[in-house]
Amino acid sequence: MQLLLKSIFTCALIVIFVYATAQSLIELHRNESRQELYGISRNLSQEGQSSFLSRRLRQISLGEDADEGIEDPDGSLAKKAESDLSPDKEELRECKPGLVLPLWLPQRNISVGDRLLRGFAYFLLLIYLFVGVSIIADRFMAAIEAITSIERTVTVRGPHNEKQVMHVRIWNETVANLTLMALGSSAPEILLSVIEIYAKDFESGDLGPGTIVGSAAYNLFMIIAVCMIWIPAGEVRRIRHLRVFFVTAAFSIFAYVWLWLILSVFTPGIILVWEAIVTLLFFPLTVLWAYIAERRLLVYKYMDKNYRVNKRGTVVAGEHDQVEMGAEKGTKQSLAITQRDNDAEAFDEARKEYISLLSELRQKYPEADLEQLEMMAQEQVLARSNKSRAFYRIQATRKMVGSGNLMRKIQERAHSDLTEVKAQLHPADDDDSDDPTRIYFEPGHYTVMENCGEFEVRVVRRGDLSTYATVEYETQDGTASAGNDFVGKKGSLSFPPGVDEQRFRIEVIDDDVFEEDECFYIRLFNPSENVKLSVPMMATVMILDDDHAGIFAFTDSAFEVSESVGRYELKVMRYSGARGTVVVPYWTEGDTAIEGKDFEEIHGELVFENNESEQVIELFILEESSYEKDVSFKVFIGTPELAPDSTHYPQIRAVEKKNANELTELDRILLLSKPRTGELSTATIRIRESQEFKATVDKLVAKANVSAVLGTSSWKEQFKDALTVIPADESEFDRDDDTLEEVPSCFNYISHFFCLFWKVIFAFVPPTDICGGYVTFVVSIVVIGVITAIIGDAASYFGCTLNIKDSVTAILFVALGTSIPDTFASMIAAKHDEGADNCIGNVTGSNAVNVFLGIGLAWTIAAVYHSSHGMTFNVEPGTIGFAVALFCGEALIAVLLIMVRRCHKGIGAELGGPKVSKYISAAILVFLWVFYVVICILEAYDIIRV
C-alpha cells in the first residue's frame, strides 16, 4: 500500500513537470512569435507605414480578426503595441542571481532544448533539497520533542490517601502543538517567506506567500482527504480536543480573511507597519485563545471539565469531552475535585492499562517469566501510547529515506527501562573484594532423617580470598545428644588462598525406638587473624525420626502471594517420622476470594513415599488486572492415612479393631506411630500485589515516555543510524513478536544511498541530550534556513527557466514538496492514533501559524525597514490576494463538511466511517484542491480576470 502511494506521488510530480514543460514550450513559442512581430514592426516603422502597423498590431494584441479596421491617426496605439511586443519585457526575462545558489550561465540566446534540460536539472535539485530539508526538519522536531517533554515530579494522594510520585509535563500540550510543533513542521515555509524578503532587498515576492497559501490548501484538502480513506475499514477517528479545533479552525480561516483585508480593502497594495505587526500578534493570540479553550478558562470554566493522561504516568494538561471518549452521558466529574485527585486517577488508569497488557501477555506466553513479560508489556505501552506530531513526522521521514521505523528504538528503550528499574529495586552488591574475609555456614539449617547415616555440612568464605584463613568448629547438644543421636565432632577448617568453601561430615545414629524430632547445633569459633565470622555462624540440624509415620502440617498458617504469580507451590511438611507411604487429602475453600475469579478450586491427595518429608500443593492464582487487591482463600489438609502397601498397615489395622482394655504397651506405641495432622492443618492464602511488582509498575509507567525514543544521546549513535539500512516494517506497531526479523528491501537500499549525503551531514548536528535539546534546536533551525534559501533560489531559477510564474511555482511545486512528509505523517497518525487531532487539528493550527508567523514576521520586517527609510512596503494583491480569497471560501466548505460528518448519525466521526461516505467526502476535498490550483493558475496567467 505504501509503495502504491509513493507511486501515486511520483506520478503526480511527473505530471506537474510535464505541465511545466508544456507551459514552457507555449511561452517560448509565444515569445518567438512576439520577437518576429517586433522585427516586422521595426521594419514597418522605418518605412513610415505607421497607420498599417498601428491597425494590424492592435488587432493582434486584442486577438481580433484581420479584416476589422482600427483607426490610429497619431500612431500612439502602434507605439504601445510595439512596446508591449518588445523582447525586453517580462516574458523574456532573464533569471536574476539568487541569495545562495549560483546562477546557471549564460542567460541569453538559450535554445528550447537547453531550457528544458536546465528545468529538469532544477526540478531534480528541488526534489533532493526537499528530501534534505525533511531530514533536518526531523532533527529539529526531535529537539522540540525533547524540549516539550521536560517533566517535573509531583507527589499526590491516591484513592487510599497513600502518596504517589508522578511526572507532569511542564509544557501544555496545546501550547506545544501550536508553537514549537507547528514551527517544526512549517519551518521551511516560514523561513522561505522571511528569506525571500531579505533576498529581494525587502521587497515583496510571490514565492514565500504563495508557498504558505498553497501549503495551507494542500494540507486542508489533500491531507484530510487521504486520512479519511486511510482509516481501516469499520473504524472511525474523532477529534478529541474539539474546543481547540474550533479555535484553530476559526483562526485559520480568519488568517486568510485578514490577509485579504489588508491586501485589498484597508490599504490596497500597501502593507502598513501596524497591519504587519497586528498580523504577527495574531500568532500569540491564537495560542492564548486555544489554551483558554483547552483549560476551560474564562467562559469555558462553566463547561464540564475533565483531565487527561497520555496513557502513562505523565499527566498532560488536556481535555476530553465525555461524548468524545465514549463515556456514559450521565457520568460527569464534579468541578470541586482537585487537579491532584484527577492526576492520581489518571495515573491509576495508566497502571491498569499496563497490568491489563501484562495479563494478556501472560495468557499468550504462559511459559515466559515475569521479567520477560514486563519487558514486553513496557514495549507495548510505549508503542500504544499517544504519539506527538513530532513522532509521526519523524517516523514518516525515516521510512521514506530508508532509515526504518522507530519500533527498534522502542524495543531498546523498553529493555533499558526494565533493566534500570530492576537495578533500582535490587541494587547490586558492592564489590566485596576490599571487605574483610567473612566465614559462615551455607545453609544455616539442615533437616536429615535418622537413618541417613551421614550428611555433609558446608562452610563458605567471602570477601578477600587472597590470604590463608582457618576456623574451628564443634557440635553442641540440643534436644538430640551426642553419643545417643549423633556422633559429636570437633575440628578445624583451612582455606588456602583462592579457596572459598570447605566441607565436613557428621554421622547420625539410628535406632528403632519411636521418639520426637530432635535437633543439635554446630558452631564456628576461633577464626584466624583478619577473618570475621558472619551470620549464620551456628547451624541447626533437625533429626527426623523414621520410626513414626509422621505428623503432617503446613509450614505456616498464612501466606501472601502476588496476583501475578500465576502458579504457587504450597508446601506440606512431614514431621516426627517418615516411615511408610501416607496419603494426605487436601482441598480449597473461598473466603473473600472467589473461586473461578481469583483462584482455581482444587482438591486431591498428596502421596508421601517412605522417608519422603515434603510435598507441594499447586495453587493457581487467576490474574484479574487489579492493582490494589487484597483477598484470601483457605487450603485444608485432611486426616492422613497409611497406604495399604505400607509395612505397618496390617498391624495398625489389627490393633485398631481391639478394645481399649485389650491394648498392650506395644499396641499403644504402634497406634502412636499412626500418621496425623499437626496444628497447622489450615493455611490462609492472601492474594495481593507484591511491593516489588507495584514499584516496578509505577516506575515503568512513569518512564514510558515515547518522546525519549526520538532523541539521540551521542554523535556515535547518530552516525550509526546514518550509515545503517533498516527495513521499514509495514505493520508498524502491531508487529507480532514471533515475526521473523525483516531484511531491508531493494527500495530501502535505494532510499538509503540516495539520502546518504544528507544523513551523514546532519549527523554532525549536536545530539538532543545536550542541554535538553536546545543546542540541537538552534543548530537545526540555522541549517533549515540555509537549505530553505537554496530551495528559494532553485525554485526561482526553475520557474524563470521554464517561464513559470513564481506564484504558480510556489503553489504547485514548493508547497507540495514541503508537505509530502506531513502527508505520510498524518497517514500513520490516522491509522494508529485513537483520535483525529494529529490529522485534522494540527492542520488547522499549522495553517493559522503559517500566516501569522510566516507572513506576519516577513512583512513586519519589510514594513519596518521601508518605514525607517521613508517609503511604503508595496505588495501587489494579484494572484496572492485572489488565492487567499478563493481559499477562504473553500476552507469554509471543508470545515462544514468535517462537522457534518461528525454530526451525521451514520458516520459520527471526522475520519473513516462507511466506505461510500468516506470516499465521497474525500472526493469533494480533492476536487476543492484541484479547483483551487487550476483557478489560481488561470488567474496568474490572466486567462481569467477578477
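Bear in mind that the values here come from a model prediction, so they are computed numbers and not experimental data.

## Here's the deal with the sheet that holds strand β16 (residues 551–554)
On the basis of which strands lie adjacent, the open sheet formed by 4 strands has the order β21-β18-β16-β24 and mixed pairing. Each edge of the open sheet carries a strand with a single partner, namely β21 (614–620) and β24 (676–677). Note: β16 against β24, 2 bridges, orientation parallel. Counterpart to I551 in the pairing with β24 is R676.

## What to know about the packing of aromatic side chains
Within this structure, the stated rule accounts for 36 aromatic pairs. Ring centres of F140 and F777 lie 4.8 Å apart, and the angle between their planes is 35°; on these two criteria the pair is classed as tilted. You can see F140 sitting in helix α4 (residues 112–148) and its partner F777 sitting in helix α20 (residues 774–801), a full 637 residues away along the chain. Across the pair, exposure class does not vary: F140 and F777 are buried alike. Ring centres of W258 and F282 lie 5.3 Å apart, and the angle between their planes is 80°; this geometry places the pair in the edge-to-face category. Note that W258 is positioned in helix α7 (residues 242–264) and F282 in helix α8 (residues 273–295), a separation of 24 residues in sequence. Ring pairing ties together the aromatic residues F251, F254, W258, F266, W274, F282, W289 and F852, which thus form one cluster. Note that R523 overlies the ring of F525, its terminal NZ or CZ placed 4.4 Å from the centroid.

## Section: the pattern of salt bridges
With the rule as written, the count across this model stands at 16 salt bridges. A salt bridge links E442 to R458; the shortest N-O distance between them is 2.6 Å. Here E442, found in the loop between β7 (437–441) and β8 (445–449), pairs with R458, found in strand β9 (residues 454–462); they are 16 residues apart in sequence, far enough to count as distant. A single network of salt bridges, built from pairs that share partners, joins E442, E454, E456, R458, R462, E501, R503 and R505.

## Focus: the state of the cysteines
For the structure on display, the rule yields 1 disulfide. Between the sulfur of C95 and that of C800 lies a disulfide, 1.7 Å long from S to S. Where C95 bonds to C800 through sulfur, the torsion about that S-S bond is close to 105°, and the disulfide is right-handed. With C95 in the loop between α3 (76–84) and α4 and C800 in helix α20, this pair connects stretches of sequence that are 705 residues apart. The class of C95 is buried, set by a relative accessible area of 9%. Lacking any disulfide linkage, C227 is separated from the closest cysteine sulfur, that of C839, by 4.2 Å.

## Considerations on the packing of helix α5 (residues 173–199) against α8
Where α5 contacts α8, the two axes come as close as 9 Å, and the packing angle between them is 160°. One way to sum up the angle between α5 and α8 is to call them roughly antiparallel. Relative to α8, α5 is oriented so that their crossing is right-handed. Mapping the contact onto sequence places T174, V175, L178 and T179 in α5 and F283, T286, V287, A290, Y291 and E294 in α8. Here the contact of α5 with α8 is composed, by residue class, of 6 nonpolar, 3 polar and 1 charged.

## Quick look at the packing of helix α6 (residues 207–230) against helix α24 (residues 915–940)
Running from N to C, α6 and α24 point in directions that differ by 160°, and their axes come no closer than 8 Å. Regarding the angle of α6 to α24, the classification is roughly antiparallel. Both α6 and α24 take part in a crossing whose hand is left-handed. For the pair α6 and α24, contact is made by V213, G214, A217, Y218, F221, M222, I224, A225, M228 and I229 and by K918, Y919, S921, A922, L925, V926, L928, W929 and Y932, respectively.

## Quick word on the sheet that holds strand β15 (residues 538–544)
Within the open sheet, the 5 strands sit side by side as β8-β15-β13-β10-β11. Their pairing is mixed. Bordering the open sheet on either side are β8 and β11 (490–495), each of which pairs with just one other strand. Between one strand axis and the next, the sheet turns through 25° on average, direction left out of account. Note that strand β13 (residues 518–525) and β15 share 6 bridges and pair antiparallel. Bridge pairing in β15 places F520 opposite V541.

## Section: the nonpolar core
Among soluble globular proteins, nonpolar side chains are generally buried collectively. Ranked by internal contacts, the top residues of the largest apolar core, which has 148 residues, are Y256, W859 and Y932. Not counting residues up to four positions away in its chain, the partners in contact with W859 are I197, P209, L259, I262, L263, I271, A276, F873 and V875. In terms of nonpolar packing, the next biggest core, distinct from the first, is built from 27 residues, Y586, I602, L606 and I617 among them.

## What to know about a nonpolar patch on the surface
Taken together, the side chains of W260, V265, F266, L272 and W274 make up a nonpolar region of the molecular surface, amounting to roughly 450 Å² of accessible area. Its location among the elements puts W260 in helix α7.

## Topic: the environment of R505
Looking at where R505 falls in the secondary structure, it is placed in strand β12 (residues 501–507). Sequence separation of R505 and E456 is 49 residues, and the distance between their C-alpha atoms is 4.4 Å. Not counting residues within four places of it along the chain, the set of residues in contact with R505 comprises E454, F455, E456 and K489. A polar contact is formed between the side chain of R505 and the side chain of E454, at a distance of 3.1 Å.

## Details of the environment of Y198
Along the polypeptide, Y198 turns up in helix α5. Residues Y198 and A862, 664 residues apart in the sequence, show an inter-C-alpha distance of 8.2 Å.

## Topic: the confidence of the model for the protein chain
With 67% of its residues at a pLDDT of 70 or more, the protein chain has an overall mean of 76. Below a pLDDT of 50 lies the segment residues 1–5, which in the model reaches 6 contacts outside its immediate sequence neighbourhood of four places, other chains included.

## Comments concerning helix α18 (residues 746–754)
Of the positions making up α18, those classed as buried are N748, S751 and H752. The buried residues of α18 occupy an angular sector of 100° when the element is viewed end-on, so they sit on one face. Facing away from the buried side of α18, by more than 90 degrees, are the exposed residues C746, I750 and F753.

## A short note on unusual backbone geometry
For the peptide bond that leads from L105 to P106, omega is 0°, which places it in the cis range. As for its placement among the helices and strands, P106 is situated in the loop between α3 and α4. Residue P443 is reached from E442 by a cis peptide bond, and omega for that bond is 5°. Topologically, P443 is positioned in the loop between β7 and β8. Of note in this structure, N526 is not a glycine but carries a positive phi near 55°. By secondary structure assignment, the location of N526 is in the loop between β13 and β14 (531–533). Residue C771 is not a glycine yet carries a positive backbone phi of 55°. Locating C771 in the fold gives a position in the loop between α19 (756–762) and α20.

Conventions and cut-offs
- Residues numbered from 1 in each chain as written.
- Predicted model: local features only at pLDDT ≥ 70, side-chain atom pairs only at ≥ 80, totals over all residues.
- Heavy atoms only, no water.
- Pairing = 2+ DSSP bridges.
- Helix = DSSP H or I, 4+ residues; strand = E, 2+ residues; numbered from the N terminus.
- Phe/Tyr/Trp six-rings, centres within 6.5 Å; stacked < 30°, edge-to-face > 60°.
- Buried < 20%, exposed > 50% of the residue type's maximum accessible area, 1.4 Å probe, protein only.
- Lys NZ or Arg CZ within 6 Å of the ring centre and 35° of its normal.
- Salt bridge = Lys/Arg side-chain N within 4 Å of Asp/Glu carboxyl O.
- Disulfide = S-S within 2.5 Å.
- Axes fitted to C-alpha atoms, helices over the stretch in contact; angles between N-to-C directions.
- Parallel < 35°, antiparallel > 145°, perpendicular 65-115°, else oblique.
- Left-handed = near helix turned anticlockwise from the far one by under 90°.
- Contact = heavy atoms within 4.5 Å.
- Nonpolar A, V, L, I, M, F, W, Y, C, P; charged D, E, K, R; others polar.
- Core = buried A, V, L, I, M, F, W, Y, C linked by side-chain atoms within 4.5 Å.
- Patch = residues over 30% accessible without salt bridge, like charges linked within 9 Å, V, L, I, M, F, W, Y side chains within 5 Å.
- Areas by Shrake-Rupley, 256 points an atom, 1.4 Å probe, with all protein chains shown as cover.
- Polar contact = N/O pair within 3.5 Å; in protein donor to acceptor, adjacent residues only side chain to side chain.
- pLDDT = per-residue confidence, 0-100.
- Arc of directions from axis to C-beta.

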